[in-house]
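If you want the building blocks of each chain, they are given just below.
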Amino acid sequence: LPSMQSSRSKPCPSFRLREVASMYFTMIAVFLVILVVALQGSAPRRSDFPYKVPLDPQGLLELSWNVSYPEQAVHFQLLVRDLQFGLLFGMSDRGEFKNADLAVLWSDGHNSYFGDAWSDAKEQLHMDSQQDYQLLGARRAPEGLYLLFRRPFSTCDPKDYLIEDGTVHLIYGILQKPVHSLQAINISAIHRGLQRVQLLKPNITVPELPSDVKTMEITAPDIVIPSQKTTYWCYMTELPDSFLKHHIIRYEPVITAGNEALVHHMEVFQCVAEFDSFPRYNGPCDSKMKPERLNNCRHVLAAWAMGAQAFNYPEEAGLAFGGPGSSRYLRLEIHYHNPLVFEGRRDSSGIRLYYTATLRRYDAGIMELGLVYTPVMAIPPGEDAFNLTGYCTDKCTQLALPAAGIRIFASQLHTHLAGRKVVTVLSRDGRERQVVNADGHYSPHFQEIRMLKEVVAVFPGDELITTCTYNTENRSQATVGGLGILEEMCVNYVHYYPQTQLELCKSAVDPGYLHRYFNLVNRFNDEEVCMCPQVSVPQQFFSVPWNMFNRDVLKSLYSFAPISVHCNKSSAVRFP
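For clarity, every value in this text was computed on a predicted model and none was experimentally measured.

Outline the sheet that holds strand β29 (residues 419–428), supporting the account with residue identities and numerical values.
Pairing between sheet strands relies on hydrogen bonds along the backbone, with the strands arranged either parallel or antiparallel. The four strands are arranged β27-β32-β29-β30 in an open sheet whose pairing can be described as antiparallel. Single-partner strands in this sheet number two, and they are β27 (386–392) and β30 (431–439). Strand-to-strand twist across the sheet, computed as the mean angle between neighbouring axes with direction ignored, equals 20 degrees. The pairing of β29 with strand β32 (residues 463–470) spans eight bridges and is antiparallel. Bridge pairing in β32 links Val425 to Ile465.

Take a look at the structure:
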């Protein structure tokens, strides 16, 4: 196939012209008989496709891929372990099967066909007038059928999904009966599902490990995965006595063979140093038997999500653990996603830390950006896309950052269930200069620490502005900020060096101006919001009649009212 130019280097032709130009190729795609499927062949080399994720809980479909930034394209390898009469694979905005962009392999029982298709709002399939999923080959191996195909990031086709940085919702479907045409496929009647990944991995050179590197595996102790759809499992462990200060320079997942589709994400937390000891625990994180003290183990040392590879620190920095002022106690948390409710599966998954006693030049730090956890920031019910913004202001960075600045190299975005988009931008001298991290298809069910494509330098006087977009269409009451899962957060945990005393740089609207908002609501509405001191802010929000006027005034309040800034040291003491 001729190599395709970067999507940025040529303008998109008009839709009508493009339809005419591609009609001939569409005819070929519809009637293409895949002869190579029957051929025997060896499995492609793993190094050709460095990223891998199971698509379905049974492990019947396994996706591997690589990213070519010069070609602006993704190359996919799909392993089908038990091919029946075809499959669907593609992408959509949030994992829906309506308005989706799909590659389809189907069989009528005699011949097999492959084509680029799309689904409409009623989940009806249509062959795309522009064929952008390019089949590169197919081969059989002992483990199943390998399909290889290519897809540009951007295709200029309005029916196609634009592959961007951040989360991508992959969808799949398995055809268990022959079909005589593409249009005859009933999407709602097939075995189907979704998987979330970061497709566009950054092209970063991995630093070499030092000669004195050691490893430590923090893994579940051969537990039985509960036979329920979702489980968060907590396991407490501890570092050896007199464990000196070391730098973590790399970590990677350790997954029990056969459980690759069940281990959704994992985190290792370090406990606070104020307590001399923590109780042992090995069980569900939401159990009443879990000791209350374990809630003081929240400092993230490592975080992994399905589809992620090893996480490497820049060669000039490492994450410190051990030594004076550092707790010996660690908490492993594993999220098991078991939609088929398998029983009796044993698991010893976890995270392998690579660490060194030869300390690097800088300690790495983690800083919280975004909104303070407070109910004064709220989202009305029935909102399709409601924005809230938190500020790390120029006054805070001027006071707290060293003259040479800091370097942000990774980021973990976080909201609760209503979050749909998150973006942090760097502003300097009143102008937006750089996007630190953005995820336009963010999902609260897929949160991982992501390496940035390029390191972001932040200097004293810069601002870091984090905006979260929420959807509350399925809620009847206001959603307030807070720690509860049905409350909301807007956070970006940025990983940077050199470590400073600044651990939290966030904001919220000035509470006095929110009081004025409730007064205004009372003036223009028959239903009154109680302004009594004993009535909490969440209760006041719950009693607001959410008409268009009250919604618009709240949006304006959050856009223009003064803010209260939290510029905090690691001890939770604010900078003066």
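So, next bit.
If you had to explain the packing of aromatic side chains to someone new, which residues and values would you point to?
Here the structure, examined in full by the defined rule, presents 22 aromatic pairs. Against the face of Trp118 rests Lys159, its NZ or CZ located 4.1 Å from the ring centre. The ring of Tyr329 has Arg328 sitting right over it, with the charged end atom 5.4 Å from the ring centre.

Report on unusual backbone geometry, specifying residues and quantitative values.
Cis rather than trans, the peptide bond between Tyr497 and Pro498 has omega equal to -10 degrees. Here Pro498 shows up in the loop between β34 (491–497) and β35 (502–509). Backbone geometry at Cys156 places phi at a positive 65 degrees, although glycine is not the residue there. Tracing the backbone through its elements, the reader meets Cys156 in the loop between β9 (144–152) and β10 (167–174).

Outline helix α5 (residues 548–560), supporting the account with residue identities and numerical values.
Helix length check: α5 (13 residues) gives 18 Å between terminal C-alpha atoms against 18 Å at 1.5 Å per residue, within 8%. Within the span of α5, buried status applies to Asn550, Arg551, Val553, Leu554, Leu557 and Tyr558. Buried residues of α5, seen end-on, are gathered within an arc of 165 degrees and therefore sit on one face of the element. Opposite its buried face, α5 presents the exposed residues Met548 and Phe560, each directed more than 90 degrees away. Among the structural elements, β26 (378–379), β27, β35, α3 (511–524) and α4 (537–542) are those in contact with the buried residues of α5. For α5, the N-terminal capping position is held by Asn547, with its side-chain oxygen 3.2 Å away from the main-chain nitrogen of Phe549.

So what's going on with the domain arrangement of the protein chain? Residues and values would help.
You can read the domains of the protein chain as domain 1 (51–197), domain 2 (213–360) and domain 3 (366–511 + 563–569). Taken over C-alpha atoms, the centre of domain 2 sits 25 Å from the centre of domain 3. Each partner contributes residues to the interface: domain 2 has 15 residues there, and domain 3 has 12 residues. Summed over both partners, the interface of domain 2 with domain 3 buries about 1100 Å², with 69% contributed by carbon and sulfur atoms. Those elements that place two or more of their residues in the side of domain 2 that touches domain 3 are β16 (263–270), β18 (299–305) and β19 (311–312). The element that contributes the greatest number of residues to the side of domain 2 that touches domain 3 is β18, accounting for four residues.

Can you explain the pattern of salt bridges? Please cite residues and give values.
Summed over the entire model, instances satisfying the criterion amount to 20 salt bridges. In this structure, Arg433 engages Asp429 in a salt bridge whose closest nitrogen and oxygen atoms are separated by 3.9 Å. A relative accessible area of 42% means that Arg433 is categorised as partly exposed. Judged by its relative accessible area of 67%, Asp429 is exposed. What emerges from the salt-bridge pattern is a single network uniting Glu217, Arg250, Glu252 and Arg352.

What counts as what
Residues numbered from 1 in each chain as written. Predicted model: local features only at pLDDT ≥ 70, side-chain atom pairs only at ≥ 80, totals over all residues. Heavy atoms only, no water. Pairing = 2+ DSSP bridges. Helix = DSSP H or I, 4+ residues; strand = E, 2+ residues; numbered from the N terminus. Axes fitted to C-alpha atoms, helices over the stretch in contact; angles between N-to-C directions. Phe/Tyr/Trp six-rings, centres within 6.5 Å; stacked < 30°, edge-to-face > 60°. Lys NZ or Arg CZ within 6 Å of the ring centre and 35° of its normal. Expected span 1.5 Å × (residues − 1). Buried < 20%, exposed > 50% of the residue type's maximum accessible area, 1.4 Å probe, protein only. Arc of directions from axis to C-beta. Contact = heavy atoms within 4.5 Å. Polar contact = N/O pair within 3.5 Å; in protein donor to acceptor, adjacent residues only side chain to side chain. Domains from an automatic or database assignment. Buried area = accessible area lost by both parts, 1.4 Å probe. Salt bridge = Lys/Arg side-chain N within 4 Å of Asp/Glu carboxyl O.

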